[in-house]
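Structural features, examined
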Amino acid sequence: MADKKEPARETPSGIPVAPVYRPGDVTSDYAHDVGDPGAFPFTRGVQPSMYRGRLWTMRQYAGFGTAQETNARFRHLLAAGQTGLSVAFDLPTQMGIDSDSPRAQGEVGRVGVAIDSVDDLAVLLDGIPLDKVSTSMTINATASTLLAMYVVVAEERGIARSALSGTIQNDILKEYISRGTYVYPPQPSLSLIAETFRFCAAEVPNWNPISVSGYHMREAGATAVQELAFTFANGVAYVQRAIDAGLAVDAFAPRVSFFFACHNDLLEEVSKFRAARRMWARIMRERFKANDASCKLRFHTQTGGVTLMAQQPLNNVVRVAVQALAATLGGTQSLHTNGYDEALSLPTSEAATLALRTQQIVAYESGVANTADPLAGSYYVEALTDELERRALELMARVEEIGGSAKAIEAGFFQEEIGKSAYAYQLAIESGAAVIVGLNKFADGNDAPVIPSPNYATLEAGQVARVKALKASRNAAAVKSALAALSAAAPKIGSKQGELMPLIIAAVRARATVGEISDTLEGVWGHYRPN
């Protein structure tokens, strides 16, 4: 009797998966394409000993309506063993709008913490040793202002800039593609990013001036292949802009970092991270003639927010554990694990603690940290690494044909490609071809639980009162003078007369707000309006 024909299978990126893999399915050569950990092209990891030498940073992302609430959550997580901070800001802060603006009404503190002034950031960081704990800030259009505030908070505590470590996301291109929290048009935005590169290289050497993000494109529906291709296309654009601004590649590129998502197909995700390291190493060496330090891909990973389900939310604990395992098997340097209740609300303290414990169990109990790149040599993983790289490079070539990331964004290429993938995946869920446990299979018919929300009206009123009190008590003439100096220099950005970071720091020190600094730059550069 003939065997029943096995149905065709493929990864979520549409890569066909064979029933079994053998040595002939692997196209890469070990010495040239894989190599040992810590050696070019870094396929197996950027450090020779990987987690035996140092575990990944456990950096739980948090941001609640007020700086006081966020500070309390950070202190709780640090006491529970978290090793780095990661700040989520509300939409007005991300878009350069003060909490007392009519444009901010109804949004203050809703998806993160409201930060209007350096005094708010000082409260958020109260009691946290900034010379010992690194801080990541998910902020883009207003990234330079939040970095300036961080520097001033440290300065007013007597902490040197050289002692600070952390990351600003500062990735505006993906905002035009998938998130929308932009303010200024692309060209001055890219020049401002190059300015932060210059400032950090000169004065905050342990700070990552950018975290090029594939995560948000993945959340918008991109496949793993698109995540690789579009993230690195944007990375190339930032590196080129900094070089065009007069920076030597090896002066800043070792501090360029990346941010990826991790979804449920464990082996595709592991292979994606391995392919990513090889791709970036070769891009930097072959295109930019960079040294090995600049070729090392350093990245943070967050488990997939869109993979969390409101139905049967405890299932999300398992999803997050699988994704955390994939990220660490893939060699991430930093990891955030989502709370199981994040499809319902901001994570509760219990859920956030369990998410951190998930990382700790993987680190200390699973054996993942005992040896570098433990899945290397798997015929399937090596073949999948090769294929992800091949497809991603083909897609990057299409971006290059259009003229690079900025022109591809203007043409709508990224947006259209991601939209097609998101639509195809939604159809697969609705047809049952993509199984989501508890949603389209093994559903129990129960409604999703309801978690009470904070009183955002009260929260907003309190934050508005704080902003107004600050504006009434500060030296108005000093603020006006600092903003006038910033406005005068903004048209010259990219030249010695247009080094804006010192001027933004001076404005922050005078207690200018996020909104006032943003409005000043917008008054010179204009506001981006997509076609």
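Everything that follows concerns the structure shown earlier in this document.
Residues numbered from 1 in each chain as written. Predicted model: local features only at pLDDT ≥ 70, side-chain atom pairs only at ≥ 80, totals over all residues. Heavy atoms only, no water.

**A closer look at the overall build of the protein**
Within the protein one finds 21 helices and 11 strands. Computed over the C-alpha atoms, the radius of gyration of the protein is 23 Å, within 12% of the 24 Å expected from 2.2 N^0.38 for a compact globule of 531 residues. Its C-alpha atoms give the protein principal-axis dimensions of roughly 90 × 55 × 45 Å. Each of the 531 residues in the protein was classed as buried or not, and the buried ones make up 56%. As displayed, the protein has an accessible area near 21,300 Å², and 54% of this comes from carbon and sulfur atoms. Computing the positive centroid from 49 side-chain charges and the negative centroid from 55, the protein places the two 3 Å apart. (Helix = DSSP H or I, 4+ residues; strand = E, 2+ residues; numbered from the N terminus. Rg over C-alpha atoms; globule rule 2.2 N^0.38 Å. Buried < 20%, exposed > 50% of the residue type's maximum accessible area, 1.4 Å probe, protein only. Areas by Shrake-Rupley, 256 points an atom, 1.4 Å probe, with all protein chains shown as cover. Lys, Arg positive; Asp, Glu negative; His and termini not counted. Charge placed at Lys NZ, Arg CZ, Asp CG, Glu CD.)

**A short note on the packing of aromatic side chains**
Going through the model one piece at a time under the given rule, you end up with 21 aromatic pairs. Centre to centre, the rings of Y215 and F259 are 4.9 Å apart; their planes meet at 5°, and the pair counts as stacked. Here Y215, found in helix α8 (residues 215–219), pairs with F259, found in strand β9 (residues 256–262); they are 44 residues apart in sequence, far enough to count as distant. As far as burial versus exposure is concerned, Y215 and F259 are alike and both buried. Between F258 and F260, the ring centres sit 6.4 Å apart and the planes meet at 5°, which makes this aromatic pair stacked. No difference in accessibility class separates F258 from F260, as the two residues are buried. (Phe/Tyr/Trp six-rings, centres within 6.5 Å; stacked < 30°, edge-to-face > 60°.)

**Examining the side chain of R474**
In this fold, R474 is placed in the loop between α18 (456–473) and α19 (476–489). For R474, a relative accessible area of 17% puts it in the buried group. Not counting residues within four places of it along the chain, the set of residues in contact with R474 comprises V479, A510, R511, A512, T513 and E516. (Contact = heavy atoms within 4.5 Å.)

**So, the sheet that holds strand β8 (residues 210–213)**
Spatially, β7-β6-β5-β4-β3-β11-β10-β9-β8 is the arrangement adopted by the 9 strands of the open sheet, whose pairing is parallel. Each edge of the open sheet carries a strand with a single partner, namely β7 (207–208) and β8. Lying on the sheet, helix α5 (residues 143–156) is in contact with β5 (135–138), β6 (166–168) and β7; it crosses β5 at an angle near 150°. Strand contacts of helix α13 (residues 315–329): β9, β10 (299–303) and β11 (334–336), with the helix running at about 165° to β10, the strand carrying the most contacts. (Pairing = 2+ DSSP bridges. Axes fitted to C-alpha atoms, helices over the stretch in contact; angles between N-to-C directions.)

**Describing the pattern of salt bridges**
Where charged atoms from two side chains of opposite charge come close, those side chains can pair. Per the stated rule, a full pass over the model turns up 33 salt bridges. In this structure, R161 engages E155 in a salt bridge whose closest nitrogen and oxygen atoms are separated by 4.0 Å. Its relative accessible area of 32% is what places E155 among the partly exposed residues. Where salt bridges share partners, they join D33, R278, R282, D386 and E389 into one cluster. (Salt bridge = Lys/Arg side-chain N within 4 Å of Asp/Glu carboxyl O.)

**Some words on a nonpolar patch on the surface**
Where nonpolar side chains cluster on the molecular surface, the patch consists of V435, V437 and F442 and spans about 280 Å² of accessible area. Along the chain, the position of V435 falls in the loop between α17 (413–431) and α18. The exposure class assigned to V435 is partly exposed, which follows from its relative accessible area of 44%. (Patch = residues over 30% accessible without salt bridge, like charges linked within 9 Å, V, L, I, M, F, W, Y side chains within 5 Å.)

**Things to note about the packing of helix α9 (residues 224–244) against helix α11 (residues 266–288)**
α11 packs onto α9 with a crossing angle of 25° between their chain directions and a minimal axis gap of 11 Å. Classed by the angle they form, the pair α9 and α11 counts as roughly parallel. Our pair here, α9 against α11, has a crossing hand that is right-handed. Counted together, A224, E227, L228, F232, G235, V236, V239, Q240 and I243 of α9 and E268, E269, K272, A275, A276, M279, W280, I283, M284, R287 and F288 of α11 form the full contact between these two elements. Considering only residue class, the contact of α9 with α11 consists of 13 nonpolar, 2 polar and 5 charged. (Parallel < 35°, antiparallel > 145°, perpendicular 65-115°, else oblique. Left-handed = near helix turned anticlockwise from the far one by under 90°. Nonpolar A, V, L, I, M, F, W, Y, C, P; charged D, E, K, R; others polar.)

**Examining the pairing of β9**
Within β9, 7 of the 7 residues are buried, which leaves the element mostly enclosed by the surrounding structure. Both faces of β9 are covered, namely the face carrying V256, F258, F260 and C262 and the face carrying S257, F259 and A261. One ladder, built from 4 bridges, connects β8 with β9; its direction is parallel. Paired with V212 across the strands is F258, a residue of β9. In this sheet, β10 lies alongside β9 in parallel orientation, the contact comprising 5 bridges. Across the sheet, the residue bridging to F260 is T301, located in β10.

**Observations regarding the pairing of strand β3 (residues 57–62)**
Counting buried positions along β3 yields 5 of 6 residues, so the element is predominantly enclosed. When β3 meets β11, the two strands line up parallel, connected through 2 bridges. Pairing of M58 across the sheet is with L335, part of β11. Pairing geometry for β3 and strand β4 (residues 84–88), over 4 bridges, is parallel. Note that in β4 the partner of R59 across the bridge is G84. In this view, the connection linking β3 to its parallel neighbour β4 by way of helix α2 (residues 67–79) has right-handed handedness. (Right-handed = clockwise from strand over helix to strand, strands pointing away.)

**Some details on helix α20 (residues 501–509)**
For the α-helix, the turn length of 3.6 residues means that residues three or four positions removed from each other point alike. Residues M501, I504, I505, A507 and V508 constitute the buried set of α20. Taken end-on, α20 shows its buried residues confined to a sector of 160°, consistent with a single buried face. In this structure, the buried side of α20 is in contact with α4 (118–124), α5, α7 (186–203), α19 and α21 (514–525). Two residues or fewer past α20, R511 is found with a positive phi of approximately 80°. (Arc of directions from axis to C-beta.)

**Examining the side chain of S134**
Mapped onto the fold, S134 is located in the loop between α4 and β5. A distance of 2.8 Å separates polar atoms of two side chains, one belonging to S134 and the other to R59. Leave out the neighbours within four places in its chain, and S134 touches R59, G84, L85, S165 and G166. (Polar contact = N/O pair within 3.5 Å; in protein donor to acceptor, adjacent residues only side chain to side chain.)

**Points about unusual backbone geometry**
Of note, the bond from F40 into P41 is cis; its omega dihedral lies within 30 degrees of zero at 10°. Relative to the helices and strands, P41 resides in the loop between α1 (30–34) and β3. Even without glycine at this site, M50 takes up a positive phi of about 45°. Take M50: it is sitting in the loop between α1 and β3. You will see that F442, though not glycine, has its phi angle at about 60°, which is positive. The residue F442 is located in the loop between α17 and α18 in this model.

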